[in-house]
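# Survey of secondary and tertiary structure
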Amino acid sequence: MLRSVAVLTLDGVAPFEVGVLAEVFGTDRTADGLPGYRFDLCSPQGAPVRTTAGFGLVPTADLDAIDRADLVAVPAHHGTEAPAEVREALRRAADRGAHLFSVCTGAYLLGEAGLLDGRECTTHWRHVDELQRRNPSARVRCNSLYVQDGRLLTSAGTAAGIDACLHLVRQEHGSAVATRLARRMVVPPHRDGGQAQYIEAPIPKAPEAPTLEPVLEWLMERLDQQFTVDELAARAGMAPRTFARRFRAETGTTPHDWLTGQRVLLARRLLEDTGLSVEAVAEQAGFGDAAALRHHFTRRVGATPHTYRTTFRDRAPAG
């Protein structure tokens, strides 16, 4: 049973993510029949730390708190590397079976301790590439709110940390307790970890592809049109098999998969920024009809076009 929580703080800690952890685990709600926890903010030697907002925090404990906690939580840190003593404390916590939980870029510190090797994990969509670069053997899921791998729980940024906290409470204390806690916090009681992060979708552009760049740029201007591999190969002045091999070598995927990805990106922009019907978005993005758009969009984004648009309705102008 989860009874004690240690939150690691170093210089560069993000105050919102600390606040999320304090709201869930550090606020005494036992009078309401909810679980209570021993809650410590800790740092090396218990020294004060400076947040990204410029103000300081005074921890309540040193790193010994990590050695006795059932849950060790690492909020987002920016521009911070884990000192050797922190890495060792995190490894000791993992070795004795404590829950390890990161919010946003807190995953970087877990990675520096070697705790992401071969494990599934996630972080904010802006940082997934860097997390993968730093931890090449980790299985980074780029579009999840939170990911659990055994006693390792990692989450994306900001509100996704609340979702992951409630997931852990639900797992440890049951759905009724998690729902009551969510009601007190005025947040949704449950968002599945596999739900998509609504990441920024840049306007598609051709990737760096020394041989095929002219063809890719030409395609980017004609995503609403249909082309066969033979037609694209002819435009590139290659045999179809040579074109297919060169395409994979320079883009890392097949022509069909690349085109589908670019069309989904374009569809996202149209859903966010215009009032076009789903049918019209499907046509302009090159999917032909709404059914094909829904199939590919849901598969890659994790939400239907309608659900995705609803999220951005306040941003989308009419017409």
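One can find the structure itself at the top, above this paragraph.
Throughout what follows, the structure given in this document is the object of discussion. What you see is a predicted model, and the numbers here were worked out from it, not measured in a lab.

### Quick word on the overall build of the protein
A tally of helices and strands in the protein yields 14 helices and 10 strands. Seen through its C-alpha atoms, the protein measures out along the principal axes to roughly 70 × 40 × 35 Å. Put simply, the protein has 319 residues, and 48% of those count as buried. Counting only contacts in the protein whose residues sit at least 6 apart along the sequence, the fraction spanning at least 24 positions is 64%. Surface accessibility of the protein: about 15200 Å² in total, with carbon and sulfur atoms responsible for 50%. Here the protein contributes 37 positively and 39 negatively charged side chains, and the mean placements of these two sets differ by 3 Å.

### With respect to empty space enclosed by the protein
Using the criterion set out here, one finds two cavities of 30 Å³ or more in the structure. Counted as a void, the largest cavity has a volume near 50 Å³. Together, Val-24, Thr-27, Arg-29, Leu-34, Pro-35, Tyr-37, Val-169 and Leu-181 line the largest cavity. Classifying every residue of the lining of the largest cavity gives six nonpolar, one polar and one charged.

### Structural notes on the sheet that holds strand S1 (residues 4-8)
The mixed open sheet is built from six strands, whose spatial order is S2-S1-S5-S6-S10-S9. Pairing within the sheet leaves two strands with one partner each, and these edge strands are strand S2 (38-42) and strand S9 (146-149). Strand-to-strand twist in this sheet, taken as the mean axis angle between neighbours without regard to direction, amounts to 15°. Here three bridges tie S1 to strand S5 (residues 71-74), and the two strands are oriented parallel to one another. Within S5, the residue paired with Val-7 across the bridge is Ala-73.

### A few points about the pattern of salt bridges
What the rule picks out here adds up to 14 salt bridges. The salt bridge partner of Asp-40 is Arg-38, with a shortest N-O separation of 3.2 Å. Given the relative accessible area of 9%, Asp-40 is considered buried. Residue classification places Arg-38 among the partly exposed residues on the basis of a relative accessible area of 46%. Arg-133 is paired through a salt bridge with Glu-130; the nearest N and O atoms lie 2.6 Å apart.

### A closer look at the packing of aromatic side chains
Tallying each qualifying case throughout the model produces five aromatic pairs. Each ring, one from Phe-25 and one from Tyr-37, has its centre 5.3 Å from the other, and the planes form 75°; the classification is edge-to-face. Taken as a pair, Phe-25 in helix H1 (residues 15-25) and Tyr-37 in the loop between H1 and S2 lie far apart in primary sequence, 12 residues in all. The two residues Phe-25 and Tyr-37 agree in class, both being buried. Pairing Phe-243 with Phe-247 gives two aromatic rings, centres 5.7 Å apart and planes at 55°, and the pair type is tilted. Taken together, the residues span about one helical turn, with Phe-243 and Phe-247 both in helix H10 (residues 240-251) at a distance of four residues. In this structure, Phe-243 and Phe-247 share a single accessibility class: buried. By way of ring pairs, the aromatic residues Phe-243, Phe-247 and Trp-258 are connected into one cluster.

Procedures and definitions
Residues numbered from 1 in each chain as written. Predicted model: local features only at pLDDT ≥ 70, side-chain atom pairs only at ≥ 80, totals over all residues. Heavy atoms only, no water. Helix = DSSP H or I, 4+ residues; strand = E, 2+ residues; numbered from the N terminus. Buried < 20%, exposed > 50% of the residue type's maximum accessible area, 1.4 Å probe, protein only. Contact = heavy atoms within 4.5 Å. Areas by Shrake-Rupley, 256 points an atom, 1.4 Å probe, with all protein chains shown as cover. Lys, Arg positive; Asp, Glu negative; His and termini not counted. Charge placed at Lys NZ, Arg CZ, Asp CG, Glu CD. 1 Å grid on protein atoms, 1.4 Å probe; cavity = no way out; pocket = protein on both sides within 12 Å on 5 of 7 lines; lining within 4 Å. Points joined across faces, edges and corners; volume = space filled by probe spheres on them. Nonpolar A, V, L, I, M, F, W, Y, C, P; charged D, E, K, R; others polar. Pairing = 2+ DSSP bridges. Axes fitted to C-alpha atoms, helices over the stretch in contact; angles between N-to-C directions. Salt bridge = Lys/Arg side-chain N within 4 Å of Asp/Glu carboxyl O. Phe/Tyr/Trp six-rings, centres within 6.5 Å; stacked < 30°, edge-to-face > 60°.

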